[in-house]
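Okay, here's what each chain looks like letter by letter:
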Amino acid sequence: MLEHLSSLPTQMDYKGQKLAEQMFQGIILFSAIVGFIYGYVAEQFGWTVYIVMAGFAFSCLLTLPPWPIYRRHPLKWLPVQDLGTEDKKSGDRKIKRHAKNN
């Protein structure tokens, strides 16, 4: 079972993160407005809290898992370059010394 869980994707790209953040904020704002209006009309502050909590749970369900909608623009990494650091000797480097301030 653990092998199955390790094969699940766990990352989002940058545009996906921006989209998830915008969706999260929009859902929270919408549920807060709806909750406030309904709580005001019903004269029950508890309904306001319940509606905002439901909006929070819904937004978490939509934005926390890395759904495929958040992975549409993957980063293209540069290939690894061999700099040949083994060939350089420690004596080839110049040591920078700072001037003393008196």
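Fair warning: this is a prediction, and the values are worked out from it, not measured in the lab.

Calculation notes
- Residues numbered from 1 in each chain as written.
- Predicted model: local features only at pLDDT ≥ 70, side-chain atom pairs only at ≥ 80, totals over all residues.
- Heavy atoms only, no water.
- Helix = DSSP H or I, 4+ residues; strand = E, 2+ residues; numbered from the N terminus.
- Buried < 20%, exposed > 50% of the residue type's maximum accessible area, 1.4 Å probe, protein only.
- Contact = heavy atoms within 4.5 Å.
- Areas by Shrake-Rupley, 256 points an atom, 1.4 Å probe, with all protein chains shown as cover.
- UniProt positions renumbered as here; feature names shortened; annotations may be inferred.
- Patch = residues over 30% accessible without salt bridge, like charges linked within 9 Å, V, L, I, M, F, W, Y side chains within 5 Å.
- Salt bridge = Lys/Arg side-chain N within 4 Å of Asp/Glu carboxyl O.

## Quick word on the overall build of the protein
Next up, step 1: In terms of regular secondary structure, the protein is built from three helices and zero strands.
Next up, step 2: When its helices and strands are written in sequence order, the protein yields α-α-α.
Next up, step 3: Looking at the protein as a whole, 14% of its 102 residues qualify as buried.
Next up, step 4: Within the protein, residue pairs in contact and separated by at least 24 positions form 73% of the contacts whose partners lie at least 6 positions apart.
Next up, step 5: Element-wise, carbon and sulfur atoms account for 64% of the exposed surface of the protein, whose accessible area totals about 9800 Å².

## Points about the environment of Leu19
Next up, step 1: Along the polypeptide, Leu19 turns up in helix 2 (residues 14-42).
Next up, step 2: Along the backbone, Leu19 and Tyr70 are 51 residues apart, and their C-alpha atoms lie at a distance of 7.3 Å.
Next up, step 3: Look past the residues within four positions of Leu19 in its chain and what remains in contact with it is Ile69 and Tyr70.

## Describing the UniProt feature "transmembrane region" (unreviewed entry) in the protein
Next up, step 1: On the UniProt side, "transmembrane region" (unreviewed entry) is annotated at positions that read residues 23-41 and 47-67 here.
Next up, step 2: Helix makes up 81% of residues 47-67 and strand 0%, and the two end C-alpha atoms of the span are 30 Å apart.

## Points about a nonpolar patch on the surface
Next up, step 1: Taken together, the side chains of Leu29, Ile33, Phe36, Ile37, Tyr40 and Val41 make up a nonpolar region of the molecular surface, amounting to roughly 700 Å² of accessible area.
Next up, step 2: Topologically, Ile37 is positioned in helix 2.

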